There are 2 protein chains.
Amino acid sequence: MFICSSSMQNFELQNPVKILFGKGEISKLSQEIPTSEKVLILYGGGSIKKNGVYEQVIAALKDHTYLEFGGIPANPEYEILLNALEVIKSEGITYLLAVGGGSVIDGTKFLASAALYEGESPWDILDQGIRTFEAMPFGTVLTLPATGSEMNSGAVVSRKEIGEKRGMGGPGLFPKFSVLDPTVVATIPKRQLANGLTDSYMHVMEQYLTYPVGADLQDRIAEGILSSLIETAPKILKDPSDYEAAANFMWCCTMALNGLIQKGVPTDWAVHAIGHELTALFGIDHARTLAIVAPSHYRYNLKSKMEKLVQYGERVWNITEGNSEERASKAIEKTELFFQSLDIPTRLSDYTEQYEGTAQTIGNTLNDRGWTALGEHRSLSPKDVESIVEMSY
Amino acid sequence: MFICSSSMQNFELQNPVKILFGKGEISKLSQEIPTSEKVLILYGGGSIKKNGVYEQVIAALKDHTYLEFGGIPANPEYEILLNALEVIKSEGITYLLAVGGGSVIDGTKFLASAALYEGESPWDILDQGIRTFEAMPFGTVLTLPATGSEMNSGAVVSRKEIGEKRGMGGPGLFPKFSVLDPTVVATIPKRQLANGLTDSYMHVMEQYLTYPVGADLQDRIAEGILSSLIETAPKILKDPSDYEAAANFMWCCTMALNGLIQKGVPTDWAVHAIGHELTALFGIDHARTLAIVAPSHYRYNLKSKMEKLVQYGERVWNITEGNSEERASKAIEKTELFFQSLDIPTRLSDYTEQYEGTAQTIGNTLNDRGWTALGEHRSLSPKDVESIVEMSY
């Protein structure tokens, strides 16, 4: 059953994050965090000690009291975060500073919430979907453009021991500020850049490639981000120290998931839901799972997404020839070729020889979980998902 | 002398305004203003009593304590605002609610600042350019999309007795919330709709039609607003009760001046500066003065704006033939025709027979004021302005 609203939906928008964008902005940290606060600096595997970001942060905080907690892994791990929570409580920390990519920022959001949580176990926040209205204040210094977490109020945390990955969020989880210095892009490995480009591209697509509701400006902004990413991608992969390209890449990633383009429109997110299962099964990078699933998802749902696919093809890829079906198919092909141009293979069989049976495995998993149907119409059953995954072999 | 930066400028962005968008959202007022507050409802000439907005506001505030202050005129007048300030102080008001268009909202911003100002005279705020960091909390219910004041922190106030119009602003002047209900558009007179379309179109142009700095996404969002306004204009003028068109129109006006598209790019604002003088001299509606000045301004500065004019022509008006100069000229012509399609004449002589000598008068005024040079290069002298005004006769 398709439930289509034909006009723009009511919405609320509030995003209080202060963005400090540009070269040299890290030094302004000192003005954003009151010197009366006791700060915990959180980071990941230590790349910030090689690219100069760590030195800049420490220099900026020379008049502050701070401690450090490094080693937050990709897909921030619950057990490790509990160690940081222990430090926060025992040391009387009052302010958190995430220096890193989406994983460090998401981990910090969990800690900001858990630090003030008075229930039995902080796992409740994730397990019971408790929304966070108040949290310990925190800021971020972004070192890896991709997830958009620096300007939104959501986070994803993993718990290996039980094989779970859970989301959390709430108005208390907006960073107080986020520093976006495009010069950090220069030292990001090419694989991560390609992932970031793909991730942000798919963030836009999940909020845009659904069905039309007459939200003309939201569509045009979404198309603007897509066009900008397409134009920036070859430049940034060729020379990540190209400041102009890095600045566009960074700002596109933030704007792709700061809440603006989803206001008033239906959203899909089926590609992410299916992609997460591929990461769980094969350890494939999150962004790459999206590139595997998206083309099949759009081909499988060609009819229900036809109008938007044609609009997308025309405005983003300049496809103006052929009938609607041809144009929609061509637009999907262009999308797939774009991912491939980033050196991101778009077939599951490019990543594993054990792909046979994946569709059934994922279908069963979804069935077992009793998930609600996926997609903008909430119409995709586990059976549909199986077909989509099979098409992506 | 041209001072051109060739890359995106550093920027700070923070906009905490909560937007409540859509049909029926006025009823949520009751949740946004604590019942412990004593509210002053501010409005203009009383159109809100004819279009049902007043009843909705009063119904929403049935559990609140409130007073009313009506009669705030277009170009909010300092002397009248002082009367409202008296009410705020004598009645112990703690929260302001602007119900109206840009003038009522701007007047309310002045009052929010003046209510907490401890200096000798509130005129200081305007006269000495005192920035407002703290103000009485206030919300808005927008009834006339145009100025964008509902989602920014600036205001303009007039003082007739000395013939002055002054700006003010500061981070304390963001509304706590703004209700944008597109159904209010249905009862707006056609002349005001045309003005709102022109005003918001020119807000975008002043922040976009300058010179390229590689801020690709900002450009594309600006172009998206322009394209959306062009597409929406005939629909909204034909039938202002068309909800889809009204919603797009309203959201475009807000996004045109909420700070987003100006981040990292040079801005012009010469058209506004010159237009204000035409309003002062002839009482021509603000938006209409912009339509008079813009085409001449762009023609006069064709060379320095060439790159952006060509980009604008191609992306917004689909102009792909001819050399750069031809394409730039064609883009200006299209802009002029767009204003005319809204029934907005684009020549000063369409508004007054006394246009002779206007250029010299404005040139002299600017000279007397000792104004800084205008435009994105701060290179336009009063002599240049005279030429531009003369071209617009």
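## What about the overall build of chain A?
Then, in step 1: A tally of regular secondary structure across chain A gives 14 helices and eight strands.
Then, in step 2: Taken against the 2.2 N^0.38 rule, which gives 21 Å for 393 residues, the C-alpha radius of gyration of chain A at 21 Å falls within 12% of a compact globule.
Then, in step 3: Here the C-alpha coordinates of chain A stretch approximately 65 × 45 × 45 Å along the principal axes.
Then, in step 4: Across the 393 residues of chain A, 53% fall into the buried class.

## A few points about the packing of helix H11 (residues 306-317) of chain A against helix H12 (residues 324-341) of chain A
Residue and element names in this part refer to chain A.
Then, in step 1: Orientation of H11 relative to H12, taken along the N-to-C sense of each, is 60 degrees, at an axis distance of 8 Å. On the basis of the axis angle, H11 is oblique to H12. Crossing angle aside, the handedness with which H11 passes H12 is left-handed. Touching Met306, Leu309, Val310, Tyr312, Gly313 and Trp317 of H11 are Ser324, Arg327, Ala328, Lys330, Ala331, Ile332 and Lys334, all from H12.
Then, in step 2: Among the residues forming the contact of H11 with H12, the class breakdown is eight nonpolar, two polar and three charged.

## What about the relation of the copies chain A and chain B?
Then, in step 1: Once chain A has been moved 0.0 Å along the axis and rotated by 180 degrees, it coincides with chain B to within an RMSD of 0.0 Å. The relationship between the two copies is best expressed as a two-fold rotation axis. The C-alpha atom lying nearest the rotation axis in chain A is that of Pro16 of chain A; the distance is 2.1 Å.
Then, in step 2: The residues that chain A uses at the interface reappear at the interface of chain B in 100% of cases, marking a shared surface.

## Points about the pairing of strand S7 (residues 164-169) of chain B
Residues and elements named next belong to chain B.
Then, in step 1: In this sheet, S7 lies alongside strand S6 (residues 154-159) in antiparallel orientation, the contact comprising six bridges. Residue pairing for S7: Ala155 is matched across the bridge by Met168.
Then, in step 2: Remark: four residues form the turn of the hairpin made by S6 and S7, two consecutive strands paired antiparallel; Gly163 in that turn has positive phi of roughly 60 degrees.

## Things to note about unusual backbone geometry
All names here are of chain B.
Then, in step 1: Phi angles above zero are rare outside glycine, and Trp269 is one such case at about 65 degrees.
Then, in step 2: Topologically, Trp269 is positioned in the loop between helix H8 (243-256) and helix H9 (270-282).
Then, in step 3: By C-beta crowding, Trp269 is classed as partly exposed, having 16 other C-beta atoms within 10 Å.
Then, in step 4: Although it is not a glycine, Arg378 sits at a positive phi angle of roughly 50 degrees.
Then, in step 5: Mapped onto the elements of the fold, Arg378 is located in the loop between helix H13 (358-369) and helix H14 (382-391).

## A word on the domain arrangement of chain A
Residue and element names in this part refer to chain A.
Then, in step 1: Segmenting chain A into domains produces domain 1 (18-184) and domain 2 (188-391).
Then, in step 2: Spacing between the C-alpha centres of domain 1 and domain 2 amounts to 27 Å.
Then, in step 3: At the junction of the two partners, domain 1 supplies twelve residues and domain 2 supplies 19 residues.
Then, in step 4: Its residues assigned to classes, the side of domain 1 that touches domain 2 shows six nonpolar, four polar and two charged.

## Some thoughts on the interface of chain A and chain B
Then, in step 1: Contact residues are listed per partner, giving 34 residues for chain A and 34 residues for chain B.
Then, in step 2: Those elements that place two or more of their residues in the side of chain A that touches chain B are strand S1 (11-21), helix H7 (216-238) and helix H8 (243-256) of chain A.
Then, in step 3: In terms of residues, the side of chain A that touches chain B owes the most to one element, H7 of chain A, which gives ten residues.
Then, in step 4: Across the side of chain A that touches chain B, the residue classes tally to 15 nonpolar, eleven polar and eight charged.

## Topic: the sheet that holds strand S4 (residues 95-100) of chain A
Then, in step 1: Strand order in the open sheet formed by twelve strands is S3(A)-S2(A)-S4(A)-S5(A)-S8(A)-S1(A)-S1(B)-S8(B)-S5(B)-S4(B)-S2(B)-S3(B), with mixed pairing between adjacent strands. The open sheet has two edge strands, strand S3 (65-69) of chain A together with strand S3 (65-69) of chain B, and neither has a second partner. Averaged over all adjacent pairs, the angle separating strand axes in this sheet is 25 degrees, with direction ignored.
Then, in step 2: With five bridges connecting them, S4 of chain A and strand S5 (residues 138-142) of chain A associate as parallel partners. Counterpart to Gly100 of chain A in the pairing with S5 of chain A is Leu142 of chain A.
Then, in step 3: Packed on one face of the sheet, helix H4 (residues 102-116) of chain A meets strand S2 (38-42), S4 and S5 of chain A and runs near 165 degrees to S4 of chain A.

## A closer look at helix H10 (residues 286-300) of chain B
Residue and element names in this part refer to chain B.
Then, in step 1: The terminal C-alpha atoms of H10 lie 21 Å apart, and with 15 residues this matches the ideal 21 Å at 1.5 Å per residue to within 8%.
Then, in step 2: Of all the bends in H10, the greatest reaches close to 30 degrees and is centred on Val293; the proline Pro295 follows between one and four positions later.
Then, in step 3: Counted residue by residue, H10 has 14 buried out of 15 residues, so it is predominantly covered.

## Focus: the pairing of strand S8 (residues 177-180) of chain B
Residues and elements named next belong to chain B.
Then, in step 1: Burial along S8 is two-sided: the residues Phe177 and Val179 and Ser178 and Leu180 are all buried.
Then, in step 2: As paired elements, strand S1 (residues 11-21) and S8 share four bridges and run parallel to each other. Across the sheet, residue Ile19 finds its bridge partner in S8, namely Ser178.
Then, in step 3: Sheet topology places strand S5 (residues 138-142) next to S8; four bridges connect them, and they run parallel.

## Some points on the environment of Phe339 of chain A
Residues and elements named next belong to chain A.
Then, in step 1: Tracing the chain through its elements places Phe339 in helix H12.
Then, in step 2: What makes Phe339 buried here is the crowd of 24 C-beta atoms within 10 Å.
Then, in step 3: With 36 residues separating them in the primary sequence, Phe339 and Lys303 have C-alpha atoms 23 Å apart.
Then, in step 4: Non-local contacts of Phe339, meaning those with residues more than four positions away in its chain, are made with Thr198, Ala291, Ile344 and Thr346.

## Considering H4 of chain A
Then, in step 1: In a regular helix each residue adds 1.5 Å, so 15 residues correspond to 21 Å; H4 of chain A covers 22 Å between its end C-alpha atoms and thus fits that length.
Then, in step 2: Here H4 of chain A lies mainly inside the structure; 13 of its 15 residues are buried.

## So, the nonpolar core
Then, in step 1: Core analysis: the biggest nonpolar cluster contains 250 residues, and Leu42, Val99 and Ile225 of chain A together with Leu42, Val99 and Ile225 of chain B have the highest contact counts within it.
Then, in step 2: Not counting the four nearest positions on each side in its chain, Val99 of chain B is found in contact with Ile41, Leu42, Tyr43, Ile48, Val53, Val57, Val104, Val141 and Thr143 of chain B.

## Considerations on the confidence of the model for chain A
Then, in step 1: For chain A, the mean per-residue pLDDT works out to 95, and 99% of the residues sit at or above 70.
Then, in step 2: This complex was scored by the predictor with a pTM of 0.96 and an ipTM of 0.95.

## Considerations on the environment of His64 of chain A
Residue and element names in this part refer to chain A.
Then, in step 1: Within the element layout of this structure, His64 appears in the loop between helix H2 (53-60) and S3.
Then, in step 2: Take His64: there are 19 C-beta atoms within 10 Å of it, and that puts it in the partly exposed class.
Then, in step 3: The spatial distance from the C-alpha of His64 to the C-alpha of Thr254 is 28 Å, given a sequence separation of 190 residues.

## Here's the deal with the packing of helix H9 (residues 270-282) of chain A against helix H13 (residues 358-369) of chain A
Residues and elements named next belong to chain A.
Then, in step 1: The interhelical angle for the contact between H9 and H13, taken along N-to-C directions, is 110 degrees, at an axis separation of 11 Å. Relative to H13, H9 is oriented roughly perpendicular. The two elements H9 and H13 meet at a crossing, and its hand is right-handed. Judged by residue contacts, Ile274, Glu277 and Leu281 of H9 engage Thr358, Thr361, Ile362 and Thr365 from H13.
Then, in step 2: Class assignment for the residues of the contact of H9 with H13 results in three nonpolar, three polar and one charged.

Rules behind the numbers
Residues numbered from 1 in each chain as written. Chains lettered and ligands numbered in written order. Predicted model: local features only at pLDDT ≥ 70, side-chain atom pairs only at ≥ 80, totals over all residues. Helix = DSSP H or I, 4+ residues; strand = E, 2+ residues; numbered from the N terminus. Rg over C-alpha atoms; globule rule 2.2 N^0.38 Å. Buried ≥ 20, exposed ≤ 12 C-beta atoms within 10 Å, placed from the backbone. Axes fitted to C-alpha atoms, helices over the stretch in contact; angles between N-to-C directions. Parallel < 35°, antiparallel > 145°, perpendicular 65-115°, else oblique. Left-handed = near helix turned anticlockwise from the far one by under 90°. Contact = placed C-beta atoms within 7 Å. Nonpolar A, V, L, I, M, F, W, Y, C, P; charged D, E, K, R; others polar. Least-squares fit on C-alpha atoms with pLDDT ≥ 70 in both. Pairing = 2+ DSSP bridges. Domains from an automatic or database assignment. Expected span 1.5 Å × (residues − 1). Bend = angle between axes of the 7 residues up to and from the residue. Core = buried A, V, L, I, M, F, W, Y, C linked by C-beta atoms within 7 Å. pLDDT = per-residue confidence, 0-100.

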